[in-house]
Amino acid sequence: MLGLIVRRAASSLFTLILISVVVFAGLEFMPGDACTAHLGRDGKGAVLEACRARMGLDAPPVKRFTQWAGDILRGELGTSMQREKPITEIVGWRLRNTLVLSAVAALIGIPLAVLLGIIAGLRRDRLFDMAASGTALVAMTIPEFVSATLLILVFAVGLGWTAGVVTIGYKAPLLEMVSAAFLPAVVLSMVLAAHIMRMVRASVIDVLKSDFVLMARLKGVPQQQIIWRHVVPNSLLPVISVIGLTVAWLLGGVVIVESVFNYPGLGRLAVDAVGDRDLPLVQAIALLFGITYVVTNLMTDIAALLLNPRLRTYRA
Amino acid sequence: MTGLRATLAYVLRQPSGAVGLVLVAVHLLIALAAPFIIPYDAATQNAAAILEPPSLTHLFGTDRLGRDVFSRTLLGGREAMLISTLSAICAMAWGSLLGIVVALAGGLLDAAVMRVVDAMVAIPWILLVMLFVAALGSSTAALIPLLGFSYGLSVVYLARSAALDFVARDFVLAAQVRGESRWTIAVKELSPNIRDSLAVQGAMQWSWIFLAVSSLSFLGMGVAPPTPDWGQMIADARGIMRTAPWTVVWPMVFLSSLIIGVNLAVDAWAKALGIERLGRTPQS
């Protein structure tokens, strides 16, 4: 048990190292470097040389990588080219805002998805199931920028209930941030909920066919008890690890949704940084996203191992 | 494995499959015929007809530069469809080749390759694609290999697990005993068996890539003006949707109906072939 967790953690660590190599190497393959991108047309002669010397870009790639990775391990993400500030300072608050947004989205999406998935699975191919599954298909296929625009059109422009875009600063107090995150979180949770709902539904249908449910039926266990004691707990187990995977998806959506709603988080910062050609900043954000993905997956896998003894017999 | 005609009949018998197939067919038809039926040039600005509501002269109205929204909407999916098709082919080609090869090879090579793929999947590709576009300028030629590479990663998983279902079967063992080369086994024994799931996966990839291209266009990093594109049109019209909703509604209707159509059709198709449909891949 402990051994399995340690092995799983070790492989996550390895994944993290690989991610940092890829994020670093990705920029090496690009024509130009952080300085030519930042300086644009002015990037020639002495100015370019000075910039490269300042950023330490004149060193060979391997040395720069160890330097960069060493800084990260000390908690230093480098210096932004455009903003000329330490990246840690720029990223800190926005990371909090993105975490707030994802948390609100998960709190809305996951319980809703689990509930709908259970009901749809239990009433397979009946009206409720068809309506819920159909809605889920639409919700998970429409791109975030379309559903976001649609929500703004209906709730902000049509009904006038909320402001269409977020206007508060990135250092706003937590409570204001939570309320600002509501509409963007609804958009994010739609995709999330649709995917998890389909998983739960499929899992419920699977468990309903299992021998132990048949056994419970045959020995005369009441239907309600079969559902709540046997079907539901067992069908939620496989879903736990799926929730970790959908986090990656949430992160991809965050980039779009934050831009649409002007929400001051990491995703919008990433788009701005790309626009400014601020390579060190983009690199740092890509790495942060990768770390978040790996850590969440590690946590959900460990949770699945703790809750589901059957997984422990399989080799990871 | 049933023939193409039987599969098609099965898809059409399901209401959702029929709806999906019709939507896809209509979109294909529009995309192909658009250049011949549009009433106005899509890029021509008309200062005398700015933000006109829908009328008989401008069926979907005009945008903030006086361009005809109907013409632009009809043309708006073409470039993204082309990019998605080429990228999906690219993704399927390298992804399924690598997946089958590592499944057949097994052992250390399999473990090493899959570990690297695991790490690659954790990287937010949308950021790297955006970065490349920012550095190289948004161009179709740059988008195709980038999207083809990042979306091929999940194909590796699928092709590998599909191939693994068969590598231990008797007919593969028989081929190995006969002394067939690995290449022959991959082409003659494995490919026919996993062709169906790869085809379904390819169609799914197409729709996810289409979403990615539209999202990039929305952010100003995909299809570049003057070529009209739905994502780009929606981004362009968002600021004025309070006063001129027609500028934003039509591209949204077209984009959504295409994506929903593809997904309904693929769902029904996967069901007809008896394949579990796969979810949206993490990096999309």
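Along each chain, numbering runs from 1 in the same order as the chain's sequence is written. All chains are assigned letters beginning with A, and all ligands numbers beginning with 1, in the order in which they are written. Confidence filtering applies because this is a predicted model: local features only for residues at pLDDT of at least 70, side-chain atom pairs given and counted only at 80 or more, and all residues used for totals across whole chains, interfaces and linings. In computing side-chain properties, one takes all heavy atoms of the structure into account and sets aside hydrogens as well as water.

A. Looking closely at the confidence of the model for chain B. Residues and elements named next belong to chain B. Averaged over every residue, the pLDDT of chain B is 85; the share at 70 or more is 95%. Confidence, read as mean pLDDT per element, is least for helix 6 (residues 125–136) in chain B (73) and greatest for helix 4 (residues 78–105) (93). Among the scores for the predicted complex, ipTM is 0.80 and pTM is 0.86. Per-residue confidence from the prediction method is given by pLDDT, with values spanning 0 to 100. In this description a helix means any DSSP run of H or I spanning at least four residues, a strand means any run of E spanning at least two, and both kinds are numbered starting from the N terminus.

B. How the structure looks around the packing of aromatic side chains. Any Phe, Tyr or Trp ring, taking Trp's six-membered ring, that has another such ring centre within 6.5 Å forms a pair; planes under 30 degrees apart are called stacked, those over 60 apart edge-to-face, and the others tilted. What the rule picks out here adds up to 12 aromatic pairs over all chains. Grouping aromatic residues by their ring pairs yields a cluster made of B:Phe60, B:Phe70, B:Trp206, B:Phe210, B:Trp230, B:Trp250 and B:Phe254.

C. Focus on the pattern of salt bridges. Residue and element names in this part refer to chain B. By salt bridge we mean one thing: a side-chain nitrogen of Lys or Arg within 4 Å of a carboxyl oxygen of Asp or Glu. Enumeration according to the criterion identifies 14 salt bridges over all chains in this entry. Across the salt bridge formed by arginine 67 and aspartate 63, the nearest N and O atoms sit 2.9 Å from each other. When the shortest N-O distance is used, the salt bridge between arginine 160 and aspartate 110 registers 2.8 Å. Residue arginine 160 is found in helix 7 (residues 140–167), and its partner aspartate 110 is found in helix 5 (residues 107–121); the two are separated by 50 residues along the sequence. Looking at aspartate 110, the relative accessible area reads 11%, which means it is buried. Throughout, exposure labels follow a simple rule: accessible area from a 1.4 Å probe, protein chains only, divided by the maximum for the residue type, with under 20% read as buried, over 50% as exposed, and the rest as partly exposed.

D. Spatial organisation of the confidence of the model for chain A. Summing up the model confidence of chain A, the mean pLDDT is 83 and the portion of residues at 70 or higher is 97%. Confidence, read as mean pLDDT per element, is least for helix 2 (residues 34–39) of chain A in chain A (75) and greatest for helix 10 (residues 211–218) of chain A (91).

E. View of the interface of chain B and chain A. Pairs of residues are marked as contacts when any of their non-hydrogen atoms sit within 4.5 Å. Taken together, the contacts link 45 residues of chain B with 47 residues of chain A. When chain B packs against chain A, close to 4100 Å² is buried across both sides, 80% of that on carbon and sulfur atoms. Across the chain B-chain A interface, the total number found is one salt bridge. Of the charged contacts, one joins A:Arg198 and B:Asp267 as a salt bridge, the two residues approaching to 3.8 Å between their closest N and O atoms. Whenever two N or O atoms come within 3.5 Å, that pair is a polar contact, provided that in protein one can donate a hydrogen and the other can accept it, and provided that, for residues adjacent in sequence, both atoms are side-chain atoms. For the pair chain B and chain A, the interface holds one residue pair in polar contact (both at pLDDT 80 or more). Here the side of chain B that touches chain A takes 10 residues from helix 11 (residues 246–273) of chain B, the largest share from any one element. By the convention adopted, Pro, Cys, Tyr, Trp, Phe, Met, Ile, Leu, Val and Ala count as nonpolar, Lys, Arg, Asp and Glu as charged, and the other residues, Gly among them, as polar. Residue classes in the side of chain B that touches chain A are distributed as 31 nonpolar, seven polar and seven charged. Two parts placed together each lose some accessible area under a 1.4 Å probe, and the buried area is that loss summed for both.

F. Spatial organisation of the side chain of A:Ser20. Its place among the elements puts A:Ser20 in helix 1 (residues 2–28). Setting aside residues up to four positions removed in sequence, A:Ser20 forms contacts with A:Phe65, A:Trp68 and A:Leu287.

G. Expanded view of a nonpolar patch on the surface. Residue and element names in this part refer to chain B. Excluding any residue in a salt bridge, patches collect residues exceeding 30% relative accessible area, merging like charges within 9 Å and nonpolar Val, Leu, Ile, Met, Phe, Trp and Tyr side chains within 5 Å. Note on areas: these come from Shrake-Rupley sampling with a 1.4 Å probe, and a residue is covered only by the protein chains present in the view. On the surface, Leu97, Val101, Leu109, Trp183 and Val187 cluster together to form a nonpolar patch covering roughly 500 Å² of accessible area. Secondary structure elements with two or more residues in the nonpolar patch: helix 4 and helix 9 (182–218). Within the fold, leucine 97 resides in helix 4. Residue classification places leucine 97 among the partly exposed positions, given a relative accessible area of 49%.

H. View of helix 12 (residues 266–275) of chain A. Counting buried residues in helix 12 of chain A gives seven out of 10 residues, a clear majority hidden from the surface. When helix 12 of chain A is considered as a whole, its buried residues turn out to be A:Leu266, A:Gly267, A:Leu269, A:Ala270, A:Val271, A:Ala273 and A:Val274.

I. Just the environment of A:Ala156, in detail. Mapped onto the elements of the fold, A:Ala156 is located in helix 7 (residues 144–158). As a C-alpha pair, A:Ala156 and A:Gly92 span 64 residues in sequence and 30 Å in three-dimensional space. For A:Ala156, the residues in contact, after removing those within four places along its chain, are A:Leu151, A:Thr162, A:Ala163, A:Gly164 and B:Arg242.

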